[in-house]
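Coordinate analysis (summary)
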Amino acid sequence: MSAPPSAKRLVLASASPRRRELLARLGVEPAAVTPAHIDETPLKGELPRDYAIRMAREKAEAAESEDHVLAGDTVVAAGRRILPKAEDEATARKCLELLSGRRHRVLSAIALRAPDGKLREKLSETTVRFKRLSVEEIDAYIASGEWHGKAGGYAIQGAAEGLIAWIEGSHSGVVGLPLFETRALLKAAGFDLG
Ligand SMILES: Cc1cn([C@H]2C[C@H](O)[C@@H](COP(=O)(O)OP(=O)(O)OP(=O)(O)O)O2)c(=O)[nH]c1=O
């Protein structure tokens, strides 16, 4: 069904299918999905939360659109350290060894750019604790391939949740789009979400 002419149009500036699925849970169907290509290198000494907010903002600003633009960024942090997005097995293994048996934070930032250029942003912070992982558990998880392209080398929405003893915060935030904050941001911008 096409949107009525008066309805606000939203562009999702993301390549992540998870962000699109999470947005659908709020009843929002983007008018377009346009992944942003930006330099994702952290600045020297940049704190994880500052980095997440900066990335979400830059993704929202990079999109060429006259509509509202929503972008997000999810960062896994061990203390002040920003863990990489795992693109190979060795990186994923290193991340899991580091996260094993201890708490870490997942910072999920969202940014919404209005047609007049105004930027609104919010940050969700979640604490996650993995069980102490045995070599066999890490091997099996690596073999699953689920870590690929994921910040911190795991995806809570898959088998990894069986290894997570405890979480405090936002499950959707860990997956990539914190729904509570996203709904609040869209409502503040005048979207009718019921
Ligand atoms: C920790 C964790 C991360 N992730 C994912 C969410 C993000 O897709 C990814 C972090 O990278 P992001 O840079 O946030 O997002 P992306 O590159 O996948 O997509 P885009 O920038 O185009 O929006 O890690 C999970 O899916 N599950 C998890 O449990």
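Residues numbered from 1 in each chain as written. Predicted model: local features only at pLDDT ≥ 70, side-chain atom pairs only at ≥ 80, totals over all residues. Heavy atoms only, no water.

On to the UniProt feature "active site" (unreviewed entry) in the chain. Using the residue numbers shown here, the UniProt feature "active site" (unreviewed entry) corresponds to Asp73. The residues contacting Asp73, other than those within four sequence positions of it, are Arg19, Glu40, Tyr51, Ala52, Met55, Ala56, Lys59, Leu107, Ser108 and Ala109. Engagement of the side chain of Asp73 in a polar contact is seen with the side chain of Lys59, the distance being 2.8 Å. (UniProt positions renumbered as here; feature names shortened; annotations may be inferred. Contact = heavy atoms within 4.5 Å. Polar contact = N/O pair within 3.5 Å; in protein donor to acceptor, adjacent residues only side chain to side chain.)

Remember that side chains alternate between the two faces of the sheet whenever the strand is regular. Of all 11 residues in strand β5 (residues 103–113), 9 are buried, a share of seventy percent or more. Bridge count for strand β3 (residues 68–78) against β5 is 9 bridges, and the pairing is antiparallel. Among the inter-strand pairings, Ala77 is bridged to a residue of β5, identified as Arg105. Count of turn residues in the β5/strand β6 (residues 119–130) antiparallel hairpin: 5 residues, of which Gly117 carries a positive phi of about 95°. (Buried < 20%, exposed > 50% of the residue type's maximum accessible area, 1.4 Å probe, protein only. Helix = DSSP H or I, 4+ residues; strand = E, 2+ residues; numbered from the N terminus. Pairing = 2+ DSSP bridges.)

Judged by nonpolar contacts, the single largest core of 41 residues is most densely connected at Leu10, Leu23, Leu70, Tyr154 and Leu186. Considering each element in turn, this core owes the most residues, 4 residues, to helix α3 (residues 89–99). Filtering out sequence-adjacent residues up to four positions away, Leu23 remains in contact with Leu10, Leu12, Val28, Pro30, Leu70, Leu177, Thr182 and Leu186. Grouped together as the second largest cluster of nonpolar side chains are 16 residues, Met55, Ala60, Ala63 and Ala111 included. (Core = buried A, V, L, I, M, F, W, Y, C linked by side-chain atoms within 4.5 Å.)

Here we come to the site of the ligand. The local shell around the ligand holds 20 residues, among which Ser14, Ala15, Arg18, Arg19 and Lys59 are the closest. Residue Arg18 places a side-chain N or O atom 2.6 Å away from an oxygen atom belonging to the ligand. In this structure, an oxygen atom belonging to the ligand sits 2.7 Å away from a side-chain N or O atom of Lys85. When residues of the shell around the ligand are traced back to their parent elements, those giving at least two are α1 (17–24), β3 and α5 (171–175). For the shell around the ligand, the class distribution of residues is 8 nonpolar, 5 polar and 7 charged. (Near = heavy atom within 4 Å. Nonpolar A, V, L, I, M, F, W, Y, C, P; charged D, E, K, R; others polar.)

When the UniProt feature table is mapped onto this chain, "site: Important for substrate specificity" (unreviewed entry) is found at Arg18, Thr74 and Gln157. The greatest C-alpha distance among the residues just named is 14.0 Å, despite their covering 140 residues of sequence, which places them together in space. Tracing the backbone shows Arg18 in helix α1. When near neighbours in sequence (up to four residues on either side) are disregarded, Arg18 contacts Lys150, Gln157 and Val175. Of note, Gln157 is situated in the loop between α4 (135–144) and β7 (164–168). Sequence-distant contacts of Gln157, defined by excluding residues within four places in its chain, comprise Arg18, Lys150 and Val175.

Bringing the side chain of Ser108 into the picture now. Its location among the elements puts Ser108 in strand β5. Reaching out from Ser108, the side chain makes a polar contact with the backbone oxygen of Gly173 at a distance of 2.7 Å. Other than its neighbours up to four places away in sequence, Ser108 contacts Asp73, Thr74, Lys122, Leu123, Ser124, Gly173, Gly176 and Pro178.

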